[in-house]
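Examination of the molecular architecture
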Amino acid sequence: MTDLRACPSCDATEATPLPDYSPAPYIVARCGTCDLTYLRNPVDYVALEEDFAWEKTYEEKKVTTKGSTSLSPAIRSLRKKLKLTHKSNQHRMGAWFNNGKVLDIGCGNLMNVPEPMTPYGIELSKALHAYADDWMRKRGGYCVHGAGAEAIWDFEPEMFDGVVMHSYLEHEVDLMGVLKGVWRALKPGGAAYVRVPNFGSLNRRVVGPKWCGFRYPDHVTYFTLYSLRDVARRAGFTVELINRVGLPVDDNIKALLRKGTTPA
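As a starting point, this report considers the structure included with it. Everything numeric in this text was worked out from a predicted model, so none of it was measured.

Rules used in this analysis
Residues numbered from 1 in each chain as written. Predicted model: local features only at pLDDT ≥ 70, side-chain atom pairs only at ≥ 80, totals over all residues. Heavy atoms only, no water. Helix = DSSP H or I, 4+ residues; strand = E, 2+ residues; numbered from the N terminus. Buried < 20%, exposed > 50% of the residue type's maximum accessible area, 1.4 Å probe, protein only. Contact = heavy atoms within 4.5 Å. Areas by Shrake-Rupley, 256 points an atom, 1.4 Å probe, with all protein chains shown as cover. Pairing = 2+ DSSP bridges. Core = buried A, V, L, I, M, F, W, Y, C linked by side-chain atoms within 4.5 Å. Axes fitted to C-alpha atoms, helices over the stretch in contact; angles between N-to-C directions.

**Structural notes on the overall build of the protein**
Secondary structure assignment for the protein yields 9 helices and 11 strands. In the protein, which comprises 264 residues, the proportion classed as buried is 56%. When contacts within the protein are restricted to residue pairs at least 6 apart in sequence, those whose partners lie at least 24 apart make up 64%. Within the structure as shown, the protein displays about 12200 Å² of accessible surface, and the carbon and sulfur contribution to it stands at 53%.

Here it is in C-alpha cells:
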C-alpha cells in the first residue's frame, strides 16, 4: 500500500493528512480542492472480497470499539428529544421508487428492498452474494457478484426505478465510477437512496479517532453533507436530505440522489 491515490471525487493530488485518524499503515486525508476526506492507500478489490469482507470487519469493529463510541450525555439527551432512532426507511421506498425495479448495491444479507418492488443486487463478498442471489431470484430479480463500480455496467441503461446504497458508498474505491453507473442505470427522474457515515457529526468531533464511523481499511471515503452534495453534482445528481433536522447529531447522512438530465 505504497501508492497514494488522487481524490476519488475531483482527481486532485494535493491532500492534507489527518494523522489522528490514520492508524498505521493507513493514510486518511482531506482533499485540498473539494474538501472530501478519504483513505489515500486503500486495499484492492481482491482483499475486500475475502480478507476484509464486510461481515468480518463489522464484527471486529464491534469488539474493538465496544464502550468507546458512546455518545456524551448531552448529545444522547438531544438525540432523544429529536426522536432520532436507527429506524428503517423501507416504508418510504414504494413512493420513492414507484414500487418498480430496485437495485441494491452492496446488498449483503440485509434484504433492503421490500415487496412489491422487484429486487436486484450487487455484492462483492462471495458468501453474502450467494445468500442474496437466492433470495432475489425468488422475488423475480437476481444479484450480480462483483465490485459495485464494475458490476453496475452489466445492467441495461434506464433499467431501474430506484437504487439503494445503504452503508455502501463509503466502501467504494471508484466513487465516481459507481455514481456515473448509477446515473446510467436509473430511469429518467429516478433516485438513489444513500446512507453514509456523517464525518461532520458532533459525535465524531467529540469521540475522535474511536468514532464508530471509522473502519480500516474498508471505509475508504468519509462524507460531510457538503462533500456528498459536491460529488453527487459531479455525477449528475441533486441531493434531497432526509434527516435534515437531526443531521448535526446523527452519525449518518441519509439522502436521496435525484437523477438530473445529464452528468456534470
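**Comments concerning the sheet that holds strand β9 (residues 221-222)**
Taken in spatial order, the 4 strands line up as β1-β2-β3-β9 in an open sheet, and their pairing is antiparallel. The open sheet has two edge strands, β1 (15-17) and β9, and neither has a second partner. Relative to strand β2 (residues 28-31), β1 runs antiparallel, the two being bridged by 3 bridges. Across the sheet, residue threonine 16 finds its bridge partner in β2, namely arginine 30.

**Details of the nonpolar core**
Within the largest apolar cluster, 48 residues are counted, with the highest numbers of intra-cluster contacts made by Ile105, Met165, Leu169 and Val182. It is helix α7 (residues 175-185) that provides the largest number of residues to this core, a total of 7 residues. Once residues lying within four places of it in the same chain are set aside, the contact partners of leucine 169 are Leu175, Val178, Leu179, Val194, Val196, Phe223 and Leu228. In terms of nonpolar packing, the next biggest core, distinct from the first, is built from 11 residues, Tyr21, Val28, Phe199 and Phe214 among them.

**Quick word on the sheet that holds strand β8 (residues 186-197)**
Read from one edge to the other, the open sheet built from 7 strands follows the order β6-β5-β4-β7-β8-β11-β10, with strand pairing classed as mixed. Both outer strands of the open sheet, β6 (143-145) and β10 (237-241), are each paired with one neighbouring strand and no more. For this sheet, the mean angle separating the axes of adjacent strands, direction not counted, is 20 degrees. Of the pairings in the sheet, the one linking β10 to strand β11 (residues 252-259) comprises 5 bridges and is antiparallel in character. Across the sheet, glutamate 240 pairs through a bridge with leucine 256, a residue of β11. Relative to the sheet, α7 contacts β4 (101-105), β7 (160-166), β8, β10 and β11, its axis offset from that of β8 by approximately 145 degrees.

**Describing α7**
Within α7, 9 of the 11 residues are buried, leaving the element largely enclosed by the surrounding structure. Among the residues of α7, those classed as buried are Leu175, Met176, Gly177, Val178, Leu179, Gly181, Val182, Trp183 and Ala185.

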